[in-house]
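Coordinates in review
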Amino acid sequence: MSRSSAVEVSPEPTVLEERRLIGRLVTLGPGPDARAELQQGDRAYACPSGPEQAERLASLSGEWVVVRAACRVVKHDDREDDILELLDIEEVALFDSTPLVVRELALGATVLRFVTPIEVEPRPADNLVALDYPPLGIMAAGETRAEAVAAFLEELGWLWETYVQADEARLAEDALELRATFLQMVRTEAS
C-alpha cells in the first residue's frame, strides 16, 4: 500500500524594488477613467496613477516610454526576475529613438573618419537600449542611452584594433571580410 502525501508549496517571496522598464504605453478605455498599461511583448503591466499622472500617461498612449517605478518582484538566481506589478510610477519619459550618428572616432593618436557616417537607430530590448550595426556585427546595449552609446563606441574601437590593426596572415576568412568592410568605411588620420 502506498501513501501519497500532499506537499505544500509556498509561494516565492516577493521584494519591492525600483525598476526601469521600457515598453509601449497604451491607454485602455475612453475618458478620464481610462487605465494605462505598459506593454512588453506578451506581458503587460497596469500603470497605477493619480489624476495628474493619468493625464500625462494618456498623452503618451501608443508611444515607447521608459518608466521608473516601484515594483513587486520575484527574484531568481538562475533566470530573469519576474516583475509582478507596478506599485508606484515615479517617472515616465519618451524612449529616445533619435539615431546615433558616428562621423569619427578618436582612438589614441588615430582618428577614424567615416566616409559615410554610421547611423544606428536605438531599439528597446529587455528593458535595455540596444544599438545594432549589422555590417560590422555590432550589438551593443546599456541600461541607458548613454551606456548603450559608450558600449557601441567601445565595440567599434575594439573591432578596429582587433581586426584592422591585426596581421592579415593571422586572420580567418570571415575576419578578413570584416576587416575589408571596415577599411572601406573609413579614412584614418593621425592627430
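Summarised in this report is the structure supplied together with it. Small disclaimer: the values here were computed from a predicted structure and weren't measured.

Let us look at the sheet that holds strand β9 (residues 128-133). Read across the sheet, three strands follow the order β8-β9-β10 without closing on themselves; strand pairing throughout is antiparallel. Both outer strands of the open sheet, β8 (123-125) and β10 (138-142), are each paired with one neighbouring strand and no more. For this sheet the average axis-to-axis angle between neighbouring strands, irrespective of direction, equals 40 degrees. Bridging between β9 and β10 involves five bridges; their strand directions are antiparallel. Within β10, the position partnered with Asp-132 by the bridge is Met-139.

Attention shifts here to the sheet that holds strand β3 (residues 43-47). The strand order across the open sheet formed by five strands is β3-β2-β1-β4-β5, and the pairing between neighbours is antiparallel. Each having just a single partner strand, β3 and β5 (82-94) make up the two edges of the open sheet. The mean inter-strand angle of the sheet, taken between neighbouring strand axes irrespective of direction, is 45 degrees. Bridge count for strand β4 (residues 64-74) against β5 is 10 bridges, and the pairing is antiparallel. Within β5, the position partnered with Arg-68 by the bridge is Glu-91. Of the strands in this sheet, β1 (14-28), β2 (35-40), β3 and β5 are in contact with helix α1 (residues 51-59), which crosses β5 at around 80 degrees.

Mapped onto the fold, Asp-81 is located in the loop between β4 and β5. In this structure Asp-81 comes out as buried when scored by relative accessible area, which is 16%. Polar side-chain contacts of Asp-81 include one of 2.7 Å to the side chain of Arg-19. A distance of 2.9 Å separates a polar side-chain atom of Asp-81 from the backbone nitrogen of His-76. Other than its neighbours up to four places away in sequence, Asp-81 contacts Arg-19, Val-73, Val-74, Lys-75 and His-76.

Ranked by internal contacts, the top residues of the largest apolar core, which has 28 residues, are Phe-114, Ile-118, Phe-152, Leu-156 and Phe-182. For this core, the secondary structure elements donating two or more residues are β6 (100-107), β7 (110-120), β9, β10, α2 (145-164) and α3 (173-185). A per-element tally of this core places α2 first, with seven residues. Those residues in contact with Ile-118 that lie beyond four places of it in its chain are Leu-100, Val-101, Val-102, Tyr-133, Phe-152, Leu-156 and Met-185.

Right, let's get into the layout of surface pockets. By volume, the largest pocket is sized at about 160 Å³. For the largest pocket, the full set of lining residues is Arg-20, Val-66, Val-67, Arg-68, Glu-91, Ala-93, Leu-94, Phe-95, Asp-96, Val-129 and Arg-145. Those elements that provide at least two residues to the lining of the largest pocket are β4 and β5. Tallied by class, residues from the lining of the largest pocket come to six nonpolar, no polar and five charged.

We now examine the side chain of Asn-127. If you trace the backbone, Asn-127 turns up in the loop between β8 and β9. Assessed through its relative accessible area of 16%, Asn-127 is described here as buried. Looking at Asn-127, its side chain comes within polar contact range of the main-chain nitrogen of Ile-22, at 2.8 Å. Excluding its chain neighbours within four sequence positions, the residues that come into contact with Asn-127 are Arg-20, Leu-21, Ile-22 and Gln-40.

Criteria and cut-off values
- Residues numbered from 1 in each chain as written.
- Predicted model: local features only at pLDDT ≥ 70, side-chain atom pairs only at ≥ 80, totals over all residues.
- Heavy atoms only, no water.
- Pairing = 2+ DSSP bridges.
- Helix = DSSP H or I, 4+ residues; strand = E, 2+ residues; numbered from the N terminus.
- Axes fitted to C-alpha atoms, helices over the stretch in contact; angles between N-to-C directions.
- Contact = heavy atoms within 4.5 Å.
- Buried < 20%, exposed > 50% of the residue type's maximum accessible area, 1.4 Å probe, protein only.
- Polar contact = N/O pair within 3.5 Å; in protein donor to acceptor, adjacent residues only side chain to side chain.
- Core = buried A, V, L, I, M, F, W, Y, C linked by side-chain atoms within 4.5 Å.
- 1 Å grid on protein atoms, 1.4 Å probe; cavity = no way out; pocket = protein on both sides within 12 Å on 5 of 7 lines; lining within 4 Å.
- Points joined across faces, edges and corners; volume = space filled by probe spheres on them.
- Nonpolar A, V, L, I, M, F, W, Y, C, P; charged D, E, K, R; others polar.

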